[in-house]
Amino acid sequence: MTEDQLKEVMKFHLQNFNNEGVAINDQTIHNTVLSDSDGFGDSNSKSIYRAAIRWTIQKNGAEDKPWPADWFDNNVAYLASKLI
């Protein structure tokens, strides 16, 4: 999986949670779309998104690297560069 492929997957999943009408692109900050308080218990957009991205990375044969602590406050391009 390439970094560009991961960014496309990330943007696809962000769009699925985009109730706010935020423009989704490489510069989209995760916390403008995702939330840890919009679901039920541990099932919220933030945790579901992270799980889906981790699953995608592993399913495509890439290493499941630790996520940076500041990922939620950063954009798609930043996070993809840290995970691939």
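Now for a quick tour of the structure.

Cut-offs used in this document
Residues numbered from 1 in each chain as written. Predicted model: local features only at pLDDT ≥ 70, side-chain atom pairs only at ≥ 80, totals over all residues. Heavy atoms only, no water. Helix = DSSP H or I, 4+ residues; strand = E, 2+ residues; numbered from the N terminus. Rg over C-alpha atoms; globule rule 2.2 N^0.38 Å. Buried < 20%, exposed > 50% of the residue type's maximum accessible area, 1.4 Å probe, protein only. Contact = heavy atoms within 4.5 Å. Areas by Shrake-Rupley, 256 points an atom, 1.4 Å probe, with all protein chains shown as cover. Lys, Arg positive; Asp, Glu negative; His and termini not counted. Charge placed at Lys NZ, Arg CZ, Asp CG, Glu CD. Salt bridge = Lys/Arg side-chain N within 4 Å of Asp/Glu carboxyl O. Core = buried A, V, L, I, M, F, W, Y, C linked by side-chain atoms within 4.5 Å. Polar contact = N/O pair within 3.5 Å; in protein donor to acceptor, adjacent residues only side chain to side chain.

## Describing the overall build of the chain
In terms of helices and strands, the chain carries three helices and zero strands. Reading the chain from its N end, one meets helices and strands in the order α-α-α. In terms of overall dimensions, the chain is globule-like: its C-alpha atoms have a radius of gyration of 12 Å, near the 12 Å expected for 84 residues. A burial count over the chain gives 32% of its 84 residues as buried. By sequence separation, contacts in the chain at least 24 residues apart represent 52% of the contacts at least 6 residues apart. For the chain, the accessible surface area stands at approximately 4900 Å², while carbon and sulfur atoms represent 47% of it. A gap of 5 Å separates the mean positions of the 8 positive and 12 negative side-chain charges of the chain.

## Observations concerning the pattern of salt bridges
Here the structure, examined in full by the defined rule, presents five salt bridges. As a salt-bridge pair, Glu8 and Lys11 come within 2.9 Å of each other at their nearest N and O atoms. Pair noted here: Glu8 and Lys11 are both in helix 1 (residues 3–16), with a separation of three residues, about one helical turn. Relative accessible area serves as the criterion here: at 17%, Lys11 is assigned to the buried category.

## Looking at the nonpolar core
Counting residues in hydrophobic clusters, the biggest one holds 15 residues, and the most contacted among them are Leu6, Met10, Leu34, Tyr49, Ile53, Trp71 and Leu83. Considering every element that reaches this core, the biggest residue donor is helix 3 (residues 76–83), with four residues. Not counting residues up to four positions away in its chain, the partners in contact with Ile53 are Leu6, Val9, Met10, His13, Trp67 and Leu83.

## What to know about the environment of Ala69
Structurally, Ala69 is set in the loop between helix 2 (45–59) and helix 3. For Ala69, a relative accessible area of 87% gives the class exposed.

## Remarks on the side chain of Ser45
Tracing the backbone shows Ser45 in helix 2. Of the residues examined, Ser45 reaches a relative accessible area of 3% and is grouped as buried. Reaching out from Ser45, the side chain makes a polar contact with the side chain of Asp38 at a distance of 2.6 Å. Excluding residues that lie within four positions of it along the chain, Ser45 makes contacts with Phe17, Val33, Leu34, Ser35 and Asp38.

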